[in-house]
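So you can see what is in the structure, the chains are spelled out below.
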Amino acid sequence: MVKEYGISVRNACRAVRLPRSCYYAPAAVRDDAEVIERIEAYVRENPRQGFDKLYPVLRRPGCGKTRLYRVYCQLKLNLKRRGKRRLPSRIKEPLQVPSVPNAVWSIDFMADALWNGRRFRTFNVLDDFNREALRIEIDTSLPARRIVRALTELIEIRGKPLMLRMDNGPELISADLETWARQHGVRLLFIQPGKPNQNAYIERFNRTYRNEVLDCYVFETLDEVRRMTADWLARYNEQRPHESLGNLSPRQYLMARSA
């Protein structure tokens, strides 16, 4: 505008809404090739470290924090860190034995591996009233929708519980399970984070299942795990005595209390 139309610098800068210093002091062009080379060399050796680790190592006169971070961002190395999901406050609930069946079910996950190293998970459901194992779902992946489907199938056979006691795993705090519980009128009872003793009934069952099945046999396929688990569940619920139930099995205890 100054050269083509001959207007003053003041009016030209006012028209484009820039200070006159931009006209008299053009931006200096800095060569960042050396800085880029140093950052890339550091990242190659330390790919999992962020800028807070990089800066103390690479800083020097003429290459301060602002310049380093500018080049760091230009190289798109400032990946957004995934934040930890904040949990609402959990209130400690007393662990009591229910007086009737289907009052409280405890649920939890376990993990193990086949002979070839392939990992699998189990989803365990226990009735706190008589410690009866209602279901063990086994697969390599057990997302929230699979858990909802397993619980839906279970309540068609057993009836729905009043409450589900569980920890704060990602599948259990999902919107899918919350929606399912609201539709069926089931209260979700979460234990406090880092307090597995508040879900002691299912934790004790997990120990028994691991000791008598998972650690007792070598499995080559998931079908073997499912078959051995189904056989063991029948013995566990119908024959295995429980000291807390007066040395009765869960089914025997249920029949005795129903009589």
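One can find the structure itself at the top, above this paragraph.
Residues numbered from 1 in each chain as written. Predicted model: local features only at pLDDT ≥ 70, side-chain atom pairs only at ≥ 80, totals over all residues. Heavy atoms only, no water.

A. Main features of the pattern of salt bridges. One pass over the full model with this rule turns up 19 salt bridges. The shortest N-O distance in the salt bridge between E132 and R158 comes to 2.9 Å. Here E132 is found in strand β3 (residues 132–139), whereas its partner R158 is found in helix α7 (residues 144–158), with 26 residues between them in sequence. For R158, a relative accessible area of 22% gives the class partly exposed. A salt bridge links D176 to R145; the nearest nitrogen and oxygen atoms lie 3.8 Å apart. One end of the pair, D176, is in helix α8 (residues 175–184); the other, R145, is in helix α7, with 31 residues separating them in the sequence. Classification of D176 as partly exposed rests on a relative accessible area of 36%. (Salt bridge = Lys/Arg side-chain N within 4 Å of Asp/Glu carboxyl O. Helix = DSSP H or I, 4+ residues; strand = E, 2+ residues; numbered from the N terminus. Buried < 20%, exposed > 50% of the residue type's maximum accessible area, 1.4 Å probe, protein only.)

B. Representation of unusual backbone geometry. Phi is positive for K76, which is not a glycine, with a value near 60°. Inspection of the secondary structure assignment puts K76 in the loop between α6 (65–74) and β1 (104–113). Looking at K76, the relative accessible area reads 67%, which means it is exposed. If you check the backbone angles, N102 has positive phi at about 60° while not being a glycine. With respect to the element layout, N102 can be found in the loop between α6 and β1.

C. Quick peek at the side chain of D108. Here D108 lies in strand β1. Put simply, D108 is tucked away with no salt bridge, and the nearest opposite charge, on R121, sits 7.4 Å away. A distance of 3.0 Å separates the side chain of D108 from the side chain of N206, its partner in a polar contact. Residues in contact with D108, not counting those within four places in the same chain, are T122, F123, N124, D167, I202, E203 and N206. (Lys, Arg positive; Asp, Glu negative; His and termini not counted. Polar contact = N/O pair within 3.5 Å; in protein donor to acceptor, adjacent residues only side chain to side chain. Contact = heavy atoms within 4.5 Å.)

D. Focus on the packing of aromatic side chains. For the structure shown, the criterion picks out 13 aromatic pairs. Aromatic pair F51 and Y69: ring centres 5.0 Å apart, planes at 75°, arrangement edge-to-face. Here F51 is found in helix α5 (residues 51–58), whereas its partner Y69 is found in helix α6, with 18 residues between them in sequence. The class for F51 is buried, based on a relative accessible area of 12%. Ring plane angle 25° and centroid distance 6.3 Å describe the contact between Y69 and Y72, whose orientation is recorded as stacked. Remark: Y72 and Y69 occur in helix α6; sequence separation between them is 3 residues, near one turn of the helix. (Phe/Tyr/Trp six-rings, centres within 6.5 Å; stacked < 30°, edge-to-face > 60°.)

E. Broad picture of α5. Buried residues of α5: F51, L54 and L58, and no others. Taken end-on, α5 shows its buried residues confined to a sector of 60°, consistent with a single buried face. Set apart from the buried face of α5 by more than 90 degrees, the exposed residues are D52 and V57. Contact partners of the buried residues in α5: α4 (33–45) and α6. (Arc of directions from axis to C-beta.)

F. The arrangement of the nonpolar core in detail. Ranked by size, the top nonpolar core spans 22 residues in total, and within it F123, V125, L151, L164, M166, L177 and W180 carry the most contacts. Of all the secondary structure elements, the ones that give two or more residues to this core are β1, β2 (119–127), α7, β4 (163–166), α8 and β5 (187–190). Top element by residues in this core is α7. It accounts for 5 residues. Setting aside anything within four residues of it in sequence, one finds W180 in contact with V148, L151, T152, I155, L164 and V186. Of all hydrophobic cores here, the second largest spans 19 residues; its members include A133, V213, L214 and F219. (Core = buried A, V, L, I, M, F, W, Y, C linked by side-chain atoms within 4.5 Å.)

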